[in-house]
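Inside the fold
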Amino acid sequence: MPKIANLGFWLALASPVAFSFFNAGVRLISQEMTVFGLLLLRGWTGLLLVCLASLVLKKRPWAKNPLFLCLIGFLGALSTVLTTSAFTMIPLYQAVVILYLYPSQSVILSAMINREGISLRDLLGLLVAFAGCLILVWPSESAGLSFQLGHLLAFLGGAVYALSIVLTRRLKVFNSGLEPIFFYSLFAALSALPLALLTGQGLGLDSAGELVRGSLLGLLGSTAQLLAYAALRFLPPYKVGVIGTLEILGSALFSLIFFGDKLGLRSLIGGLLIIYAAFGFHQPQGQKKSGQPS
(Lines give C-alpha, C1' and ligand atoms only; values in the text may rest on other atoms or scores of the structure.)
Protein backbone atom coordinates (compact mmCIF):
# COMPACT_ATOMS: atom_id res chain seq x y z
CA MET A 1 0.00 0.00 0.00
CA PRO A 2 1.38 3.42 -0.90
CA LYS A 3 2.34 5.69 1.95
CA ILE A 4 -0.65 7.85 2.92
CA ALA A 5 0.46 11.22 4.19
CA ASN A 6 -1.43 14.05 2.48
CA LEU A 7 -4.08 16.21 4.07
CA GLY A 8 -6.67 15.67 1.35
CA PHE A 9 -6.63 11.93 1.90
CA TRP A 10 -7.07 12.20 5.67
CA LEU A 11 -9.91 14.69 5.34
CA ALA A 12 -11.61 12.41 2.83
CA LEU A 13 -11.05 9.39 5.11
CA ALA A 14 -12.44 11.08 8.23
CA SER A 15 -15.65 11.97 6.41
CA PRO A 16 -17.00 8.42 5.83
CA VAL A 17 -16.14 7.43 9.41
CA ALA A 18 -18.28 10.30 10.71
CA PHE A 19 -20.99 9.62 8.14
CA SER A 20 -21.22 5.97 9.19
CA PHE A 21 -22.20 7.02 12.71
CA PHE A 22 -24.54 9.67 11.31
CA ASN A 23 -26.36 7.19 9.05
CA ALA A 24 -26.91 4.76 11.89
CA GLY A 25 -28.18 7.61 14.03
CA VAL A 26 -30.66 8.63 11.33
CA ARG A 27 -32.15 5.18 11.30
CA LEU A 28 -32.24 4.97 15.10
CA ILE A 29 -34.22 8.19 15.51
CA SER A 30 -36.34 7.84 12.36
CA GLN A 31 -39.29 6.81 14.55
CA GLU A 32 -38.97 9.98 16.64
CA MET A 33 -38.79 12.70 14.02
CA THR A 34 -39.37 13.14 10.32
CA VAL A 35 -36.80 13.69 7.60
CA PHE A 36 -37.67 17.37 7.65
CA GLY A 37 -37.20 17.69 11.40
CA LEU A 38 -33.70 16.31 11.04
CA LEU A 39 -33.08 18.56 8.03
CA LEU A 40 -34.05 21.60 10.13
CA LEU A 41 -31.73 20.66 12.98
CA ARG A 42 -28.91 19.80 10.61
CA GLY A 43 -29.31 23.21 9.01
CA TRP A 44 -29.16 25.16 12.25
CA THR A 45 -26.31 23.14 13.72
CA GLY A 46 -24.43 23.49 10.44
CA LEU A 47 -24.81 27.26 10.55
CA LEU A 48 -23.52 27.27 14.12
CA LEU A 49 -20.55 25.10 13.14
CA VAL A 50 -19.66 27.36 10.21
CA CYS A 51 -19.97 30.54 12.28
CA LEU A 52 -17.62 29.17 14.95
CA ALA A 53 -15.14 27.94 12.35
CA SER A 54 -15.29 31.28 10.53
CA LEU A 55 -14.35 33.10 13.70
CA VAL A 56 -11.39 30.78 14.28
CA LEU A 57 -10.18 30.84 10.66
CA LYS A 58 -11.13 34.49 10.12
CA LYS A 59 -12.92 33.67 6.87
CA ARG A 60 -16.28 34.85 5.59
CA PRO A 61 -18.14 31.92 3.95
CA TRP A 62 -20.36 34.14 1.81
CA ALA A 63 -17.84 36.64 0.43
CA LYS A 64 -17.31 35.15 -3.07
CA ASN A 65 -19.69 33.67 -5.68
CA PRO A 66 -22.86 33.85 -3.51
CA LEU A 67 -25.26 32.90 -6.33
CA PHE A 68 -23.12 29.93 -7.32
CA LEU A 69 -22.91 28.85 -3.69
CA CYS A 70 -26.68 29.16 -3.36
CA LEU A 71 -27.06 26.62 -6.16
CA ILE A 72 -24.60 24.27 -4.43
CA GLY A 73 -26.46 24.70 -1.14
CA PHE A 74 -29.83 23.97 -2.74
CA LEU A 75 -28.51 20.81 -4.41
CA GLY A 76 -26.97 19.63 -1.15
CA ALA A 77 -30.22 20.12 0.77
CA LEU A 78 -32.19 18.30 -1.93
CA SER A 79 -29.72 15.41 -1.82
CA THR A 80 -30.11 15.17 1.96
CA VAL A 81 -33.91 14.95 1.70
CA LEU A 82 -33.68 12.16 -0.89
CA THR A 83 -30.97 10.11 0.84
CA THR A 84 -32.33 10.52 4.36
CA SER A 85 -35.72 9.31 3.12
CA ALA A 86 -33.99 6.29 1.60
CA PHE A 87 -32.26 5.52 4.92
CA THR A 88 -35.66 5.11 6.56
CA MET A 89 -37.16 2.96 3.78
CA ILE A 90 -34.56 0.29 2.94
CA PRO A 91 -31.68 -1.45 4.77
CA LEU A 92 -29.08 1.12 5.71
CA TYR A 93 -26.12 -0.40 3.90
CA GLN A 94 -28.16 -0.75 0.68
CA ALA A 95 -29.03 2.94 0.71
CA VAL A 96 -25.42 3.92 1.33
CA VAL A 97 -24.15 1.58 -1.39
CA ILE A 98 -26.43 3.12 -3.99
CA LEU A 99 -25.55 6.61 -2.80
CA TYR A 100 -21.89 5.77 -3.39
CA LEU A 101 -22.44 5.26 -7.07
CA TYR A 102 -21.92 9.04 -7.14
CA PRO A 103 -18.12 8.82 -7.73
CA SER A 104 -18.88 7.23 -11.11
CA GLN A 105 -21.44 9.93 -11.83
CA SER A 106 -19.01 12.65 -10.77
CA VAL A 107 -16.40 11.47 -13.29
CA ILE A 108 -18.76 12.23 -16.16
CA LEU A 109 -19.88 15.51 -14.62
CA SER A 110 -16.29 16.56 -13.84
CA ALA A 111 -15.27 15.97 -17.43
CA MET A 112 -18.27 17.93 -18.73
CA ILE A 113 -18.27 20.82 -16.27
CA ASN A 114 -14.71 21.13 -14.91
CA ARG A 115 -12.74 19.60 -17.80
CA GLU A 116 -10.91 17.35 -15.34
CA GLY A 117 -9.08 14.30 -16.67
CA ILE A 118 -8.64 10.91 -15.03
CA SER A 119 -5.61 8.61 -15.13
CA LEU A 120 -5.75 4.88 -15.85
CA ARG A 121 -4.84 4.16 -12.22
CA ASP A 122 -7.72 6.29 -10.95
CA LEU A 123 -10.09 4.75 -13.48
CA LEU A 124 -9.22 1.23 -12.28
CA GLY A 125 -9.80 2.28 -8.66
CA LEU A 126 -13.15 3.77 -9.62
CA LEU A 127 -14.22 0.62 -11.48
CA VAL A 128 -13.21 -1.60 -8.54
CA ALA A 129 -15.23 0.57 -6.13
CA PHE A 130 -18.18 0.50 -8.54
CA ALA A 131 -17.97 -3.30 -8.77
CA GLY A 132 -17.89 -3.58 -4.98
CA CYS A 133 -21.00 -1.42 -4.74
CA LEU A 134 -22.90 -3.53 -7.28
CA ILE A 135 -21.90 -6.79 -5.58
CA LEU A 136 -23.19 -5.48 -2.26
CA VAL A 137 -26.55 -4.22 -3.51
CA TRP A 138 -27.48 -6.65 -6.29
CA PRO A 139 -30.91 -8.21 -5.57
CA SER A 140 -30.94 -11.59 -3.86
CA GLU A 141 -33.96 -13.47 -2.52
CA SER A 142 -31.86 -15.27 0.08
CA ALA A 143 -30.66 -11.94 1.48
CA GLY A 144 -34.08 -10.35 1.22
CA LEU A 145 -33.00 -7.80 -1.37
CA SER A 146 -35.38 -6.35 -3.95
CA PHE A 147 -35.64 -2.98 -5.65
CA GLN A 148 -37.99 -0.48 -3.97
CA LEU A 149 -38.75 3.25 -3.99
CA GLY A 150 -36.00 3.77 -1.41
CA HIS A 151 -33.42 2.50 -3.90
CA LEU A 152 -34.54 5.06 -6.48
CA LEU A 153 -34.41 7.88 -3.93
CA ALA A 154 -30.88 6.85 -2.90
CA PHE A 155 -29.77 6.84 -6.55
CA LEU A 156 -31.26 10.28 -7.21
CA GLY A 157 -29.76 11.59 -3.98
CA GLY A 158 -26.34 10.40 -5.08
CA ALA A 159 -26.70 11.98 -8.52
CA VAL A 160 -27.68 15.35 -7.04
CA TYR A 161 -24.81 15.13 -4.55
CA ALA A 162 -22.36 14.35 -7.36
CA LEU A 163 -23.44 17.51 -9.15
CA SER A 164 -23.07 19.59 -5.98
CA ILE A 165 -19.50 18.44 -5.27
CA VAL A 166 -18.44 18.86 -8.90
CA LEU A 167 -19.69 22.44 -8.76
CA THR A 168 -17.92 22.90 -5.40
CA ARG A 169 -14.67 21.81 -7.02
CA ARG A 170 -15.00 24.81 -9.37
CA LEU A 171 -14.48 27.09 -6.38
CA LYS A 172 -10.87 25.83 -6.26
CA VAL A 173 -8.69 28.04 -4.02
CA PHE A 174 -11.73 29.86 -2.63
CA ASN A 175 -13.11 26.64 -1.15
CA SER A 176 -12.16 26.11 2.47
CA GLY A 177 -15.10 23.77 3.03
CA LEU A 178 -17.00 26.46 4.91
CA GLU A 179 -18.65 28.12 1.92
CA PRO A 180 -20.73 25.19 0.62
CA ILE A 181 -21.62 24.08 4.16
CA PHE A 182 -22.87 27.57 5.02
CA PHE A 183 -25.22 27.74 2.03
CA TYR A 184 -26.25 24.11 2.40
CA SER A 185 -27.15 24.71 6.04
CA LEU A 186 -28.97 27.92 5.17
CA PHE A 187 -31.14 26.17 2.59
CA ALA A 188 -31.73 23.23 4.91
CA ALA A 189 -32.83 25.48 7.78
CA LEU A 190 -35.13 27.62 5.61
CA SER A 191 -36.71 24.85 3.55
CA ALA A 192 -37.37 22.22 6.24
CA LEU A 193 -40.56 23.71 7.73
CA PRO A 194 -42.24 24.62 4.39
CA LEU A 195 -41.50 21.12 3.07
CA ALA A 196 -42.81 19.54 6.27
CA LEU A 197 -46.07 21.51 5.98
CA LEU A 198 -46.37 20.91 2.24
CA THR A 199 -46.04 17.14 2.59
CA GLY A 200 -48.13 16.98 5.75
CA GLN A 201 -45.43 15.04 7.60
CA GLY A 202 -44.52 17.74 10.11
CA LEU A 203 -41.21 17.95 11.92
CA GLY A 204 -41.75 15.40 14.69
CA LEU A 205 -39.87 17.54 17.20
CA ASP A 206 -42.15 17.16 20.20
CA SER A 207 -39.79 17.04 23.17
CA ALA A 208 -36.56 18.52 24.49
CA GLY A 209 -34.93 15.10 24.26
CA GLU A 210 -35.70 14.85 20.56
CA LEU A 211 -34.30 18.32 19.99
CA VAL A 212 -31.06 17.44 21.79
CA ARG A 213 -30.60 14.08 20.02
CA GLY A 214 -31.50 15.55 16.66
CA SER A 215 -29.16 18.51 17.15
CA LEU A 216 -26.23 16.29 18.10
CA LEU A 217 -26.90 14.09 15.09
CA GLY A 218 -27.21 17.14 12.85
CA LEU A 219 -23.89 18.47 14.12
CA LEU A 220 -22.25 15.12 13.36
CA GLY A 221 -23.65 15.15 9.83
CA SER A 222 -22.50 18.72 9.23
CA THR A 223 -19.01 17.88 10.48
CA ALA A 224 -18.81 14.85 8.18
CA GLN A 225 -19.94 16.96 5.24
CA LEU A 226 -17.49 19.73 6.09
CA LEU A 227 -14.63 17.22 6.01
CA ALA A 228 -15.68 15.99 2.57
CA TYR A 229 -16.03 19.50 1.14
CA ALA A 230 -12.66 20.52 2.60
CA ALA A 231 -11.06 17.48 0.95
CA LEU A 232 -12.29 18.75 -2.43
CA ARG A 233 -9.74 21.53 -2.18
CA PHE A 234 -6.99 18.93 -2.54
CA LEU A 235 -8.61 16.04 -4.43
CA PRO A 236 -10.99 15.68 -7.41
CA PRO A 237 -14.58 14.64 -6.57
CA TYR A 238 -14.20 11.06 -7.78
CA LYS A 239 -11.18 10.50 -5.49
CA VAL A 240 -13.05 11.84 -2.47
CA GLY A 241 -15.94 9.59 -3.48
CA VAL A 242 -13.86 6.43 -3.84
CA ILE A 243 -12.32 6.96 -0.39
CA GLY A 244 -15.80 7.74 0.90
CA THR A 245 -17.04 4.31 -0.13
CA LEU A 246 -15.62 3.16 3.21
CA GLU A 247 -18.84 4.59 4.62
CA ILE A 248 -20.52 1.53 3.12
CA LEU A 249 -18.54 -0.81 5.34
CA GLY A 250 -19.41 1.16 8.45
CA SER A 251 -23.08 1.20 7.50
CA ALA A 252 -23.02 -2.53 6.74
CA LEU A 253 -21.54 -3.18 10.18
CA PHE A 254 -24.20 -1.07 11.89
CA SER A 255 -26.89 -2.74 9.76
CA LEU A 256 -25.75 -6.13 11.04
CA ILE A 257 -25.22 -5.21 14.70
CA PHE A 258 -28.08 -2.82 15.44
CA PHE A 259 -30.76 -3.49 12.84
CA GLY A 260 -30.42 -7.20 12.04
CA ASP A 261 -30.10 -6.62 8.29
CA LYS A 262 -28.88 -9.72 6.49
CA LEU A 263 -25.33 -9.85 5.17
CA GLY A 264 -23.49 -12.73 3.53
CA LEU A 265 -20.36 -13.83 1.71
CA ARG A 266 -21.15 -11.61 -1.25
CA SER A 267 -21.31 -8.58 1.04
CA LEU A 268 -17.88 -9.49 2.39
CA ILE A 269 -16.44 -9.73 -1.13
CA GLY A 270 -17.96 -6.40 -2.10
CA GLY A 271 -16.61 -4.82 1.06
CA LEU A 272 -13.09 -6.09 0.39
CA LEU A 273 -13.20 -4.62 -3.12
CA ILE A 274 -14.27 -1.28 -1.68
CA ILE A 275 -11.44 -1.29 0.86
CA TYR A 276 -8.94 -2.08 -1.89
CA ALA A 277 -10.33 0.69 -4.09
CA ALA A 278 -10.08 3.24 -1.27
CA PHE A 279 -6.55 2.36 -0.15
CA GLY A 280 -4.86 0.26 -2.80
CA PHE A 281 -5.19 2.82 -5.57
CA HIS A 282 -4.33 5.84 -3.44
CA GLN A 283 -1.19 7.69 -4.45
CA PRO A 284 0.41 10.27 -2.15
CA GLN A 285 0.21 13.92 -3.10
CA GLY A 286 3.25 15.04 -5.02
CA GLN A 287 3.41 11.98 -7.28
CA LYS A 288 1.74 13.52 -10.28
CA LYS A 289 -0.34 11.23 -12.42
CA SER A 290 -1.15 11.55 -16.07
CA GLY A 291 -4.61 12.88 -16.82
CA GLN A 292 -4.86 14.76 -13.51
CA PRO A 293 -5.06 18.54 -13.85
CA SER A 294 -2.39 20.58 -12.12
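Conventions adopted
Residues numbered from 1 in each chain as written. Predicted model: local features only at pLDDT ≥ 70, side-chain atom pairs only at ≥ 80, totals over all residues. Heavy atoms only, no water. Helix = DSSP H or I, 4+ residues; strand = E, 2+ residues; numbered from the N terminus. Expected span 1.5 Å × (residues − 1). Buried < 20%, exposed > 50% of the residue type's maximum accessible area, 1.4 Å probe, protein only. Contact = heavy atoms within 4.5 Å. Core = buried A, V, L, I, M, F, W, Y, C linked by side-chain atoms within 4.5 Å. pLDDT = per-residue confidence, 0-100. Axes fitted to C-alpha atoms, helices over the stretch in contact; angles between N-to-C directions. Parallel < 35°, antiparallel > 145°, perpendicular 65-115°, else oblique. Left-handed = near helix turned anticlockwise from the far one by under 90°. Nonpolar A, V, L, I, M, F, W, Y, C, P; charged D, E, K, R; others polar. Polar contact = N/O pair within 3.5 Å; in protein donor to acceptor, adjacent residues only side chain to side chain.

1. Looking at helix α8 (residues 178-199)
For α8, with 22 residues, the first-to-last C-alpha span of 31 Å sits near the 32 Å given by 1.5 Å per residue. For α8, the complete set of buried residues consists of Leu 178, Glu 179, Pro 180, Ile 181, Phe 182, Phe 183, Tyr 184, Ser 185, Ala 188, Ala 189, Ala 192 and Ala 196. Buried residues along α8 sit in contact with α2 (35-57), α3 (66-87), α7 (149-169) and α9 (208-231).

2. Side note on the nonpolar core
Membership of the largest hydrophobic core comes to 59 residues, with the highest contact counts inside it found for Leu 38, Tyr 100, Tyr 229 and Ile 248. Take this core: its biggest share by element is nine residues, from helix α1 (residues 7-29). With nine residues, the next largest nonpolar core counts Leu 39, Leu 40, Ala 188 and Ala 196 among its residues.

3. Re the confidence of the model for the protein
With 82% of its residues at a pLDDT of 70 or more, the protein shows a mean pLDDT of 76. Here residues 1-5 is modelled with pLDDT under 50, and outside its nearest four sequence neighbours on either side it reaches eleven contacts, counting other chains as well. Low pLDDT, under 50, characterises residues 284-294; the predicted model gives this stretch 20 contacts beyond four residues in sequence or across chains.

4. Regarding the packing of helix α5 (residues 102-114) against α7
For the pair α5 and α7, the least separation of the axes is 9 Å and the interaxial angle reads 40 degrees. Judged on the interaxial angle alone, α7 and α5 are oblique. In this structure, α5 meets α7 at a crossing whose hand is right-handed. Within the contact between the two elements, α5 uses Tyr 102, Gln 105, Ser 106, Leu 109, Ser 110, Ile 113 and Asn 114 and α7 uses Phe 155, Gly 158, Ala 159, Tyr 161, Ala 162, Leu 163, Ile 165, Val 166, Leu 167 and Arg 169. Counted by class, the contact of α5 with α7 contains eleven nonpolar, five polar and one charged residues.

5. A short note on the side chain of Ser 79
Within the fold, Ser 79 resides in helix α3. We classify Ser 79 as buried; its relative accessible area is 4%. Engagement of the side chain of Ser 79 in a polar contact is seen with the backbone oxygen of Gly 157, the distance being 2.8 Å. Dropping the residues within four chain positions of it, Ser 79 is found in contact with Gly 157, Val 160 and Tyr 161.

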